[in-house]
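Descriptive analysis of the structure
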Amino acid sequence: MINKKVFNKTKSSLIKINIAVVLSFLILFSIFIYTYFKGVTYKSIDNKLNNELESIVIQLTRQSMVYPVTKYPSNMIYVYKRDRVMYYTPQNGYFNNVLPNRYTNKLNDIFTFSENGYTFRELNVEIDEYQIQIIRNIDSEINSLRQLIFVFIIGILISLIITYYLAVYLTKKALVPIETAWNNQAKFIQDASHELRTPISIISSKLERMLKHPNSTISDEVETIADAMSEIRRSKKMISDLLSLTKEEAITKLNITEVNIKNFIKDICVDYVDIADIQEKRFEMNFNLKNETIFTDENKLRQLLLIFIDNAFKYTKENDFIAININQKDNVYTEISIIDSGVGIKQEDIPYIFDRFFRSENVRDKDIDGSGIGLSIAKMIAINLGVEISVKCENNKTEFKIIIQNNKCDKIT
């Protein structure tokens with residue numbers, strides 16, 4: 001029922017968004033780690049260059065620089081007095097000449113340069129009449145940082161593959177409720193169209209029949225008009241129920257007030273006492289309460305009860321009984337039971353009676369009017385109220401039960 005094109009497009013978009021989010025995080029994380037380790041590496045190299053400089057300066061101040069001893073064998077030291085070389089260490093063929101280039105524009109600074117395919121870090125300092133170059137080959141450190149980048153790239157690629165499959169799985173799980181809701185909506189529209197089609201077809205056929213007999217009087221067509229009016233009332237009731245169901249689905253706020261449950265039930269049932277007498281049915285109310293006060297939305301609870309009581313009267317006949325029992329369990333919850341001895345509900349139908357437009361075969365066979373929407377409205381009201389509803393049927397004795405948590409209601413207020 002669901003539009004596969006739209007569904008697949010949504011699924012694809014969610015997967016792309018998940019992958020994009022994870023990829024962005026991995027890239028930012030990798031850049032942060034790389035920048036941190038690069039900074040630590042260069043800081044360690046610079047500290048060694050500065051320590052070397054301190055050692056050389058001490059030797060210069062003592063005028064003992066003939067063969068200065070380097071603290072770090074990896075360093076190459078070049079000492080100039082004015083423009084004359086006082087000391088240099090072998091540079092292992094790194095440079096084309098015996099002495100490296102002198103960067104006079106970068107005095108008293110630490111910088112990186114490349115020459116002959118090698119990368120160096122240099123500290124170039126001028127102290128009085130001396131110029132000191134301390135150079136260190138950092139190819140091994142550069143290679144370590146490149147390996148770190150390679151590890152990050154491999155890690156990101158592996159993570160993206162894992163993320164893709166996780167995104168596909170999680171997207172499918174996330175879209176299950178949406179697909180279910182979509183299918184339910186499509187089924188609802190189909191069912192509503194089917195249910196409305198029948199009365200509309202009947203009304204249409206009745207009107208066409210009347211048009212074929214233009215000379216007939218109202219008395220001649222009274223039966224046809226009555227049938228058409230009956231179908232119009234049925235359609236009106238169904239549309240009203242559909243609007244009620246839609247309204248309940250949109251409920252976001254309840255009006256919770258203090259309700260005296262005993263007076264509340266009596267007020268609802270006062271009209272049904274007369275109806276029971278007229279229809280020759282037995283109707284009774286039983287109260288077993290320790291605390292008559294509950295907290296709930298009075299209008300919604302009234303609507304819920306009316307649906308169950310109306311059904312009880314609708315599906316019972318002469319000499320059947322209808323009872324409303326109100327019990328309280330240790331002041332923890334209040335239980336309202338609506339019991340009748342009418343047509344009953346088959347056990348295999350009980351799981352479906354709250355579905356929209358569902359009507360059991362034994363009800364349809366008895367030609368009892370109904371749209372099959374009332375119990376769907378009851379279920380939605382119960383969800384909005386935060387109460388539990390249940391149903392059971394034994395030997396044609398049907399019991400609908402409403403359970404209102406007293407402590408839960410107290411918290412709502």
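Refer to the structure printed above.
Now for a quick tour of the structure. Note that the structure is predicted; figures quoted are calculated from it, not measured.

1. Some points on the sheet that holds strand E12 (residues 397–405)
In a beta sheet, neighbouring strands pair by backbone hydrogen bonds and run either parallel or antiparallel. Reading across the sheet, the five strands line up as E7-E9-E10-E12-E11 and stay open at both edges, with mixed pairing between neighbours. With one partner strand each, in any of the chains shown, strand E7 (282–288) and strand E11 (388–394) form the two edges of the open sheet. Averaged over all adjacent pairs, the angle separating strand axes in this sheet is 15 degrees, with direction ignored. Pairing of strand E9 (residues 321–329) with strand E10 (residues 333–340), which is carried by eight bridges, proceeds in the antiparallel orientation. Following the sheet pairing, Asn327 is matched in E10 by Glu335. Relative to E7, helix H4 (residues 261–279) is tilted by about 170 degrees, and along the sheet it contacts E7, E9 and E10. Its contacts with the sheet place helix H5 (residues 298–314) against E7, E9, E10, E11 and E12, and it is angled at close to 25 degrees to E10.

2. Here we look at unusual backbone geometry
In this model, Asn108 sits at a positive phi of 55 degrees, which is unusual for a non-glycine residue. Checked against the element boundaries, Asn108 lands in the loop between strand E2 (84–88) and strand E3 (109–115). Here the phi dihedral of Asp128 falls at roughly 55 degrees; this positive angle occurs in a residue that is not glycine. You can see Asp128 is positioned in the loop between strand E4 (118–127) and strand E5 (130–137). For Asp128, a relative accessible area of 74% translates into the label exposed.

3. A few points about the packing of H4 against H5
Running from amino to carboxyl end, H4 crosses H5 at an angle of 25 degrees, the nearest separation of the two axes being 11 Å. Considering their axes alone, H4 and H5 lie roughly parallel with respect to each other. Here the hand of the crossing between H4 and H5 comes out right-handed. In contact with Ile261, Phe264, Ile265, Asp267, Ile268, Cys269, Tyr272, Ile275, Ala276 and Gln279 of H4, H5 contributes Glu298, Leu301, Arg302, Leu305, Leu306, Ile309, Asp310 and Phe313. Here the contact of H4 with H5 is built from residues that sort into 13 nonpolar, one polar and four charged.

4. Some details on helix H7 (residues 374–385)
Compared with an ideal rise of 1.5 Å per residue, which puts twelve residues at 16 Å, H7 spans 16 Å between its outermost C-alpha atoms and is within 8% of the ideal. Of the residues making up H7, those classed as buried are Leu375, Ser376, Ile377, Ala378, Met380, Ile381, Ala382 and Leu385. One or two steps after H7, the chain reaches Gly386, where phi turns positive at roughly 75 degrees.

5. With respect to the nonpolar core
Ranked by size, the top nonpolar core spans 42 residues in total, and within it Ile265, Leu301, Leu305, Ile336 and Ile402 carry the most contacts. Listed by contribution, the elements that provide at least two residues to this core are helix H3 (222–249), H4, H5, E9, E10, H7, E11 and E12. The leading source of residues in this core is H5, at eight residues. Residue contacts for Ile402: discarding those within four places in its chain leaves Leu304, Leu305, Phe308, Thr334, Glu335, Ile336, Ile338, Val387, Glu388 and Ile389.

6. Describing the packing of aromatic side chains
In this structure the tally under the stated criterion is 13 aromatic pairs. Relative to Phe313, the ring of Phe283 lies with its centre 5.7 Å away and its plane at 50 degrees, an arrangement referred to as tilted. Taken as a pair, Phe283 in strand E7 and Phe313 in helix H5 lie far apart in primary sequence, 30 residues in all. You'll find Phe283 and Phe313 in the same group, each marked buried. Taking the centre distance of 4.8 Å and the plane angle of 20 degrees together, the rings of Phe308 and Phe400 count as stacked. You can see Phe308 sitting in helix H5 and its partner Phe400 sitting in strand E12, a full 92 residues away along the chain. Residue Phe308 is classed as buried on the basis of its relative accessible area of 1%. By the ring-pair criterion, three or more aromatic residues cluster together here, those being Tyr94, Phe95, Phe111, Phe113, Tyr118 and Phe120. Over the face of the ring belonging to Phe287 we find Lys262, whose NZ or CZ atom lies 5.6 Å from the ring centre.

7. Some details on the pattern of salt bridges
Scanning the model with the defined rule gives eight salt bridges in all. Across the pair Glu335 and Lys401 runs a salt bridge whose closest N-O atoms are separated by 3.9 Å. One end of the pair, Glu335, is in strand E10; the other, Lys401, is in strand E12, with 66 residues separating them in the sequence. Note on accessibility: Glu335 and Lys401 belong to one class, buried. Between Lys392 and Glu399 there is a salt bridge; the shortest N-O distance is 3.7 Å. Through salt bridges that share partners, Glu335, Lys392, Glu399 and Lys401 make up one connected network.

8. Observations concerning the pairing of E11
Judged from the seven bridges that link them, E11 and E12 form a sheet pairing that is antiparallel. By the bridge assignment for E12, Glu388 is matched with Ile403. A loop of two residues connects E11 with E12, the two strands running antiparallel in sequence, and Asn395 in this loop sits at a positive phi of about 55 degrees.

What counts and how
- Residue numbers here run from 1 along each chain, matching the order of that chain's written sequence.
- Totals for whole chains, interfaces and linings use every residue, but because this is a predicted model, local features are given only for residues with pLDDT of at least 70 and side-chain atom pairs only at 80 or more, for both listing and counting.
- To get the side-chain values, take all heavy atoms of the structure and skip hydrogens and water.
- By this definition, two strands are paired if DSSP reports at least two bridges between them.
- To qualify as a helix, a DSSP run of H or I must reach at least 4 residues; to qualify as a strand, a run of E must reach at least 2; elements of each kind are numbered from the N terminus.
- Simply put, an axis is a line fit to the C-alpha atoms, just over the touching stretch for a helix, and the angle between two N-to-C directions goes from 0 to 180 degrees.
- Residues are treated as being in contact if the distance between any of their heavy atoms lies within 4.5 Å.
- Buried, partly exposed and exposed residues are distinguished by accessible area as a fraction of the type maximum, computed with a 1.4 Å probe on protein chains only: under 20%, between the cut-offs, and over 50%, respectively.
- Angles below 35 degrees are treated as roughly parallel, those above 145 as roughly antiparallel, those between 65 and 115 as roughly perpendicular, and all remaining angles as oblique.
- Each crossing gets its hand from how the near helix is turned against the far one by less than a right angle, where anticlockwise is left-handed and clockwise is right-handed.
- We call Asp, Glu, Lys and Arg charged. Ala, Val, Leu, Ile, Met, Phe, Trp, Tyr, Cys and Pro are nonpolar, and the rest, Gly among them, are polar.
- Helix span, as expected, comes to 1.5 Å for every residue beyond the first.
- The definition of a nonpolar core used throughout is a set of buried Ala, Val, Leu, Ile, Met, Phe, Trp, Tyr and Cys residues joined through side-chain atoms within 4.5 Å.
- Two rings belonging to Phe, Tyr or Trp (six-membered ring only in the last case) form a pair when the distance between their centres is within 6.5 Å. Interplanar angles under 30 degrees mark stacking, angles over 60 mark edge-to-face geometry, and anything in between is tilted.
- Working rule: Lys NZ or Arg CZ, within 6 Å of ring centre, within 35 degrees of ring normal, means a charge sits over the ring.
- Salt bridge, as used here: a side-chain nitrogen of Lys or Arg that lies within 4 Å of a carboxyl oxygen of Asp or Glu.

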